[in-house]
Amino acid sequence: MGEVDPAFIQAQEHRPKPDFTRAEGIPLIDLSIISSPNSNLDNDQALGGLVEEIGDACKNWGFFQVINHGVPLAKRQNIEKASRIFFDQPLEEKRKVRRNEEKVLGYYDTEHTKNVRDWKEVFDLNVQDPTVVPASYKPDDEELTRWFNQWPEYPTDLREVCEEYAKEMEKLGYKLMELIALSLGLPKDRFHGFFEEQTSVVRLNHYPPCPVPDLALGVGRHKDAFVLTILAQDDVGGLQVKRKTDGEWLWVKPTPNAYIINVGDIIQVWSNDTYESVEHRAMVNSGRERFSIPCFLGPAHYTNVQPLEELINQQNPAKYKPYNWGKFLVTRKGSNFQKLDVENIQIHHFKIPGSELAEKLD
Ligand code: OGA
Ligand code: NI
């Protein structure tokens, strides 16, 4: 990335502090009771305890780590290896699968978060290939289009290992969505229908060593717009989560073979703010490059995202107006190709005025 472009420099208040907190971490949850092949979500006695743990973690942190999650280690190692080989190539090779306005998946190295450039390069792929989405962000345009994955020539197994990994992410994602449904007092399959056609994405992130790690971020503070994120981070570490109790940035210590799970904006809306999507960011360092692989679970494009009717009533009215997920996604994607002068589209734009007041009067 050469000498440091001012586009990477964070405003003073968003720069990482050298003495960041490593102490108390996000909850660590053991999924072994649902991962063993003969487990049965309906009868397991320990299930109640697990559901409660998940509910508490979603409510108090918006983030947790899972172990004994059932994703085979070899599948993770395969994608991690292929990712390393892909990013290790010269820029001109990677740019052959560069994303642009028509091909929105593939390689990209100029992403901005809140209008500051991220110190990273990414490779995005759809879990469902192709993925159907609206052709335009314009509300009245009903035309649809398909987003296709782009695959590089090298490494030759990238496609296969990514597709296999994506299947594992889907399986783990659905299990987690069942636990989250139960924790909200809903039937365990309450969310399944939203994913019949899905917009889920797997992203390979590469954060090269950075000469100014105190001024730049690998990815600036943000919330994830999708339903749920399942993140694999390597042993370098760098993810920081904003603690809900005091706004302190907590460093998430890498746990070998664990996945970091966070509630996305869509769960926040579905749960009518019972669970909130929490801000996070990634630090970089001058010595070691870092890799991470998030999977963002996304519902079908035609989903109108709104608080679930079972979770609202007169005392707890809906805090959000419905929004169309496909239009939201396409608006976001479009704005990724330029540095905007305005804030990106966000769920708070759909907040019903006065609902914060109702909250305070509760
Ligand atoms: C993201 C993200 C964190 C990380 O890609 O949305 O938050 O540790 N990544 O790479
Ligand atoms: Ni994120």
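Numbers given to residues run from 1 along each chain, matching the order in which its sequence is written. For naming, the first written chain is A and the first written ligand is 1, with later ones following in the order written. Predicted model: local features are reported for residues with pLDDT of at least 70 only, side-chain atom pairs are reported and counted for 80 or more only, and whole-chain, interface and lining totals are derived from all residues. Side-chain metrics in this entry use all non-hydrogen atoms of the structure; hydrogen atoms and water are not considered.

- The name that an unreviewed UniProt entry assigns to the protein chain is Fe2OG dioxygenase domain-containing protein, with the source organism given as Salix suchowensis.
- The record held by UniProt for the protein chain lists under Sequence similarities (unreviewed entry) the comment "Belongs to the iron/ascorbate-dependent oxidoreductase family." UniProt positions are given in the numbering used here, feature names are shortened, and annotations may be inferred rather than shown by experiment.

### A short note on the site of ligand 1
Item 1. Being near a molecule or strand, for a residue, comes down to having at least one heavy atom within 4 Å of it. The environment of ligand 1 is formed by Asn 205, Tyr 207, His 222, Asp 224, Leu 231, Leu 239, His 280, Arg 290, Ser 292, Pro 294 and Phe 296.
Item 2. We define a polar contact as two N or O atoms separated by no more than 3.5 Å, with the added condition that, inside protein, one atom must be a possible hydrogen donor and the other a possible acceptor, whereas residues neighbouring each other in sequence contribute only through side-chain atom pairs. Take Asp 224: an N or O atom from its side chain is 3.3 Å from an oxygen atom of ligand 1.
Item 3. Within the side chain of Ser 292, an N or O atom sits 2.6 Å from an oxygen atom of ligand 1.
Item 4. Considered on its own, ligand 1 offers 290 Å² of accessible surface; in the complex 96% of this is hidden by protein.
Item 5. Put simply, DSSP marks the helices as runs of H or I at least four residues long and the strands as runs of E at least two long, and each gets a number from the N terminus on. Contributing elements (two or more residues each) for the shell around ligand 1: β9 (201-207) and β16 (290-297).
Item 6. Top element by residues in the shell around ligand 1 is β16. It accounts for 4 residues.
Item 7. By the convention adopted, Pro, Cys, Tyr, Trp, Phe, Met, Ile, Leu, Val and Ala count as nonpolar, Lys, Arg, Asp and Glu as charged, and the other residues, Gly among them, as polar. Split into classes, the residues belonging to the shell around ligand 1 amount to 5 nonpolar, 4 polar and 2 charged. Where accessible areas are quoted, they stem from the Shrake-Rupley method and a 1.4 Å probe; at the residue level, only the protein chains shown are allowed to cover.

### Focus on the packing of helix α3 (residues 73-87) against helix α5 (residues 158-183)
Item 1. To obtain each axis, a line is fitted to C-alpha atoms, and for helices this fit is confined to the stretch in contact; angles are then taken between N-to-C directions over 0 to 180 degrees. Packing of α3 against α5 brings their axes to within 9 Å, and their N-to-C directions diverge by 140 degrees. Taken together, the axes of α3 and α5 are oblique relative to one another. In the packing of α3 onto α5, the handedness of the crossing is left-handed. Residues Lys 75, Arg 76, Asn 78, Ile 79, Ala 82 and Ser 83 of α3 touch α5, and the partners they reach there are Leu 158, Val 161, Cys 162, Glu 164, Tyr 165 and Glu 168.
Item 2. The residue inventory of the contact of α3 with α5, partitioned by class, reads 6 nonpolar, 2 polar and 4 charged. Note that the term roughly parallel is reserved for angles under 35 degrees, roughly antiparallel for angles over 145, roughly perpendicular for angles of 65 to 115, and oblique for everything else. In a left-handed crossing the near helix is turned counterclockwise from the far helix by less than a right angle, and in a right-handed crossing that turn is clockwise. Residue contacts are defined here by distance: any two heavy atoms, one from each residue, within 4.5 Å place the two residues in contact.

### Description of the UniProt feature "domain: Fe2OG dioxygenase" (unreviewed entry) in the protein chain
Item 1. Per the UniProt record, "domain: Fe2OG dioxygenase" (unreviewed entry) is annotated on residues 198-299.
Item 2. Between the C-alpha atoms that bound residues 198-299 there is a distance of 5 Å. The span itself is 6% helix and 39% strand.

### Structural notes on the pairing of strand β11 (residues 228-233)
Item 1. Counting buried positions along β11 gives 6 out of 6 residues, so the element sits mostly inside the fold.
Item 2. We call a residue buried when its accessible area falls under 20% of the maximum for its residue type, exposed when it is over 50%, and partly exposed in between, using a 1.4 Å probe and counting protein chains only. The side-chain alternation of β11 yields two buried faces, one formed by Leu 228, Ile 230 and Ala 232 and the other by Thr 229, Leu 231 and Gln 233.
Item 3. One ladder, built from 4 bridges, connects β11 with strand β14 (residues 259-263); its direction is antiparallel. Pairing of Leu 231 across the sheet is with Ile 260, part of β14.
Item 4. Paired strands are those between which DSSP finds at least two bridges. Both β11 and β16 contribute to a ladder of 6 bridges, which runs antiparallel. What sits directly across from Ala 232, in β16, is Ile 293.

### Section: the packing of aromatic side chains
Item 1. Two rings belonging to Phe, Tyr or Trp (six-membered ring only in the last case) form a pair when the distance between their centres is within 6.5 Å. Interplanar angles under 30 degrees mark stacking, angles over 60 mark edge-to-face geometry, and anything in between is tilted. Overall, the coordinates contain 16 aromatic pairs when judged by the stated rule.
Item 2. Measuring from centroid to centroid gives 6.0 Å for Phe 123 and Trp 151, while their planes differ by 45 degrees, and the two rings are tilted. With a gap of 28 residues between them, Phe 123 in strand β6 (residues 121-126) and Trp 151 in the loop between β8 (144-147) and α5 connect regions that are remote in the sequence.
Item 3. Since its relative accessible area comes to 0%, Phe 123 is described here as buried.
Item 4. Three or more aromatic residues joined by ring pairs make a cluster, and in this case those are Phe 226, Phe 296, Tyr 323, Trp 325, Phe 328 and Phe 350.
Item 5. Stacked on the ring of Tyr 259, the Lys or Arg Arg 76 has its end atom at 4.9 Å from the ring centre.
Item 6. A positively charged side chain is recorded as over a ring if its NZ (Lys) or CZ (Arg) lies within 6 Å of the ring centre. The angle to the ring normal must also be within 35 degrees. The ring centre of Trp 249 lies 4.2 Å from the NZ or CZ of Arg 281, which sits over that ring.

### Some points on the nonpolar core
Item 1. We define the nonpolar core as a collection of buried residues of types Ala, Val, Leu, Ile, Met, Phe, Trp, Tyr and Cys that are connected through side-chain atoms lying within 4.5 Å of one another. Counting residues in each nonpolar core, the largest one holds 77 residues, and the members touching the most others are Phe 123, Met 177, Ile 180, Phe 191 and Tyr 259.
Item 2. What Ile 180 contacts, discounting residues up to four positions off in sequence, is Ile 54, Cys 58, Phe 191, Leu 228, Ile 267 and Tyr 275.
Item 3. Formed by 10 residues, the second largest nonpolar core is a distinct cluster that contains Phe 63, Leu 239, Ile 260 and Val 278.

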